[in-house]
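In case you want the letters, here they are:
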Amino acid sequence: MQTFLSETHQVNVSHQTVKNFLKRERISLKLTRSVVMNRNSDSTKQLRFEYASKIVDGTIDIHRCVFIDESGFNYWMRRSFGRSEIGSRCYWNCPTQRGKNISLCLAICIGGAIHYNIREGSFNREAFQIFINEVSFAICIRIVRIILVISKRTISVWIFYW
């Protein structure tokens, strides 16, 4: 901060002056977290609103939709926080190797679960195409339209059928 003020505004201040100013303005040092750009932009929010409006007003028949989502996890998932005495760090004994990554792909509709598949590793293109074919066979339909819905870090698939 001192260097920035000196180089951009030709103002020389001490470290303590900067520290006092930040404290007075109630600004503290914190861990930064990444946020995906454009996730909450005005245009994205408008598109979400328009899509939700189509569902609410009946333009999209929710009873003719199949929702597909994929979720991954690890056998060795654990909590990130723990408790210990004040002034000491919290440790936990962990295995030397991580467990296997597992993926679950699930197709559901208003009536409940239709089909699921659990596999080691993630779903690649071939595995996902096989899953879609299995879903189509499970509900004995001809798929008319597929919509990809991107939410958070995943892509959900909505299938419309006749």
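Here's a quick rundown of the structure. Quick caveat: nothing in here was measured; it's all calculated off a predicted structure.

Rules and cut-offs
- Residues numbered from 1 in each chain as written.
- Predicted model: local features only at pLDDT ≥ 70, side-chain atom pairs only at ≥ 80, totals over all residues.
- Heavy atoms only, no water.
- Pairing = 2+ DSSP bridges.
- Helix = DSSP H or I, 4+ residues; strand = E, 2+ residues; numbered from the N terminus.
- Buried < 20%, exposed > 50% of the residue type's maximum accessible area, 1.4 Å probe, protein only.
- Phe/Tyr/Trp six-rings, centres within 6.5 Å; stacked < 30°, edge-to-face > 60°.
- Lys NZ or Arg CZ within 6 Å of the ring centre and 35° of its normal.
- Salt bridge = Lys/Arg side-chain N within 4 Å of Asp/Glu carboxyl O.
- Core = buried A, V, L, I, M, F, W, Y, C linked by side-chain atoms within 4.5 Å.

This brings us to the pairing of strand β3 (residues 112-120). Here strand β2 (residues 101-109) pairs with β3 via 8 bridges, running antiparallel. When the sheet's bridge partners are listed, cysteine 109 is paired in β3 with glycine 112. Connecting β2 to the antiparallel partner β3 that follows it, the hairpin turn spans 2 residues.

With that out of the way, let us pick up the pairing of β2. Inspection of the sheet shows strand β1 (residues 65-74) paired to β2 by 8 bridges, in the antiparallel sense. Within β2, the residue paired with glutamate 70 across the bridge is cysteine 105.

Attention shifts here to unusual backbone geometry. Even without being a glycine, glutamine 10 presents a positive backbone phi close to 50°. With respect to the element layout, glutamine 10 can be found in the loop between α1 (2-9) and α2 (15-24). Among the residues examined, glutamine 10 registers a relative accessible area of 63% and is labelled exposed. Of note, the phi angle at arginine 26 is positive, near 60°, even though the residue is not glycine. Inspection of the secondary structure puts arginine 26 in the loop between α2 and α3 (42-56). Judged by relative accessible area, which is 77%, arginine 26 ranks as exposed.

Attention now moves to the packing of aromatic side chains. Counted according to the given criterion, the structure contains 1 aromatic pair. A centroid spacing of 6.3 Å and a plane angle of 70° characterise the contact between phenylalanine 123 and phenylalanine 131, whose relative ring orientation is edge-to-face. An identical accessibility class is assigned to phenylalanine 123 and phenylalanine 131; each is buried. Cation over ring: arginine 119 sits above phenylalanine 123, and NZ or CZ is 5.5 Å from the ring centre.

Using the criterion set out here, one finds 1 salt bridge in the structure. The partner of glutamate 120 in a salt bridge is lysine 100, with the nearest N and O atoms 3.4 Å apart. Taken as a pair, glutamate 120 in strand β3 and lysine 100 in the loop between β1 and β2 lie far apart in primary sequence, 20 residues in all.

Grouped together as the largest cluster of nonpolar side chains are 9 residues: Val66, Ile68, Cys105, Ala107, Phe123, Ala127, Phe131, Ile132 and Val135. Elements with a minimum of two residues in this core: β1, β2 and α4 (125-139).

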